[in-house]
Amino acid sequence: MHFTSEQRLDDGVLEREFTLGEIPGILWTPASASASTPAPLILLGHPPLGLRRMYPRLVDRARHAAADGFASATIELPGSGDRPRWPAIEQARADLQRVMKAGEPVSDEIVDALVLPLVDKVVPEWQAALDALLAMPEIDGPVGYSGGVMSIGIRLAVVEPRISAAVLFAGSLVPRAIFEEARRVTVPLHVLLQWDDEGNDRQAALDLFDAFGSEEKSLNANMGGHTGVPQFAGDAAGQFFTRHLK
């Protein structure tokens with residue numbers, strides 16, 4: 001891991017951009033984090049829209065996490081932002097947009113082509129980032145995962161034993177294979193669902209929640225569209241991490 005920039009935000013949070021091989025990322029640590037008092041870590045997932053575009057939302061989430069005593073980090077997804085283009089994923093996105101614009105049902109083939117290659121590639125990258133981050137003296141486990149592409153969070157929760165709890169943002173474009181993996185998730189889960197999300201099949205999201213194998217799982221459903229998540233829902237997610245990571 002190579003740090004490429006560093007700045008102290010006005011609330012004392014230390015923001016450092018880094019590269020891990022070809023992968024850009026950002027690390028935020030609270031002012032209280034040190035070798036003697038290392039901070040637990042939250043991995044911040046996000047949709048494949050590019051770190052620069054997502055930065056305002058990511059830094060807001062990181063500031064809230066730091067206020068609760070957590071370090072947080074994110075990485076650029078393959079095919080997004082400054083990373084090389086990924087023609088197969090771009091074709092899958094174009095196919096998705098075409099059928100949605102035509103009002104046609106989204107086939108399993110399109111969902112698989114869009115999501116499964118991304119999950120297969122980015123989960124090992126997240127694990128490599130986790131290796132590097134946990135080697136830093138001011139960061140320690142336990143580790144949480146928050147947000148992003150739901151299928152990535154599901155796969156990480158299944159294969160990565162260092163993930164102790166996860167907050168997932170409900171989405172319906174989940175391949176059947178990932179749906180089956182959800183039955184093997186056992187970590188505590190807190191799922192956010194926007195009831196009127198225009199791009200989300202509500203029943204599919206509810207079916208997925210039902211499939212999770214975790215003994216402790218909660219569903220925080222609120223009225224409103226995709227971008228209308230109320231602040232108190234984010235606060236509840238923070239309380240969830242405080243219970244399970246501290």
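Calculation rules
- Residues numbered from 1 in each chain as written.
- Predicted model: local features only at pLDDT ≥ 70, side-chain atom pairs only at ≥ 80, totals over all residues.
- Heavy atoms only, no water.
- Axes fitted to C-alpha atoms, helices over the stretch in contact; angles between N-to-C directions.
- Helix = DSSP H or I, 4+ residues; strand = E, 2+ residues; numbered from the N terminus.
- Parallel < 35°, antiparallel > 145°, perpendicular 65-115°, else oblique.
- Left-handed = near helix turned anticlockwise from the far one by under 90°.
- Contact = heavy atoms within 4.5 Å.
- Nonpolar A, V, L, I, M, F, W, Y, C, P; charged D, E, K, R; others polar.
- Phe/Tyr/Trp six-rings, centres within 6.5 Å; stacked < 30°, edge-to-face > 60°.
- Buried < 20%, exposed > 50% of the residue type's maximum accessible area, 1.4 Å probe, protein only.
- Lys NZ or Arg CZ within 6 Å of the ring centre and 35° of its normal.

Draft legend 1. Representation of the packing of helix 3 (residues 108-134) against helix 4 (residues 150-159) within the structure. Running from amino to carboxyl end, helix 3 crosses helix 4 at an angle of 50°, the nearest separation of the two axes being 9 Å. One finds that helix 3 runs oblique with respect to helix 4. Note that helix 3 runs across helix 4; the crossing there is right-handed. Note on element contacts: helix 4 touches helix 3 through Ser-151, Ile-152, Arg-155, Leu-156 and Val-159, opposite Val-115, Leu-118, Val-119, Asp-120, Val-122, Val-123, Trp-126 and Gln-127. Its residues assigned to classes, the contact of helix 3 with helix 4 shows nine nonpolar, two polar and two charged.

Draft legend 2. Focus on the environment of Ala-62. Looking at the secondary structure, you find Ala-62 in helix 1 (residues 51-67). Spatially, the C-alpha atom of Ala-62 lies 8.0 Å from that of Leu-44, the residues being 18 residues apart in sequence. Excluding anything up to four places from it in sequence, Ala-62 contacts Trp-28, Leu-44 and Ser-72.

Draft legend 3. Structural view of the packing of helix 2 (residues 87-101) against helix 3. Two elements in contact, helix 2 and helix 3, have axes separated by 9 Å at closest approach and are oriented at 145°. Considering how the two elements wind past one another, helix 2 and helix 3 form a crossing that is left-handed. Taken together, the residues of helix 3 that come into contact with helix 2 (itself represented by Ile-89, Ala-92, Arg-93, Asp-95, Leu-96 and Val-99) are Ile-110, Ala-113, Leu-114, Pro-117 and Leu-118. Among the residues making up the contact of helix 2 with helix 3, the classes are represented as nine nonpolar, no polar and two charged.

Draft legend 4. Summary view of the packing of aromatic side chains. Overall, the coordinates contain three aromatic pairs when judged by the stated rule. Measuring from centroid to centroid gives 6.3 Å for Trp-126 and Tyr-145, while their planes differ by 90°, and the two rings are edge-to-face. Placement of the pair is Trp-126 in helix 3 and Tyr-145 in strand 6 (residues 139-147), with a sequence separation of 19 residues. The two residues Trp-126 and Tyr-145 agree in class, both being buried. Between the NZ or CZ atom of Arg-16 and the centre of the ring of Phe-3, over which it lies, the distance is 4.9 Å. One residue, Lys-246, lies across the ring of Phe-70, its end atom 5.1 Å from the ring centre.

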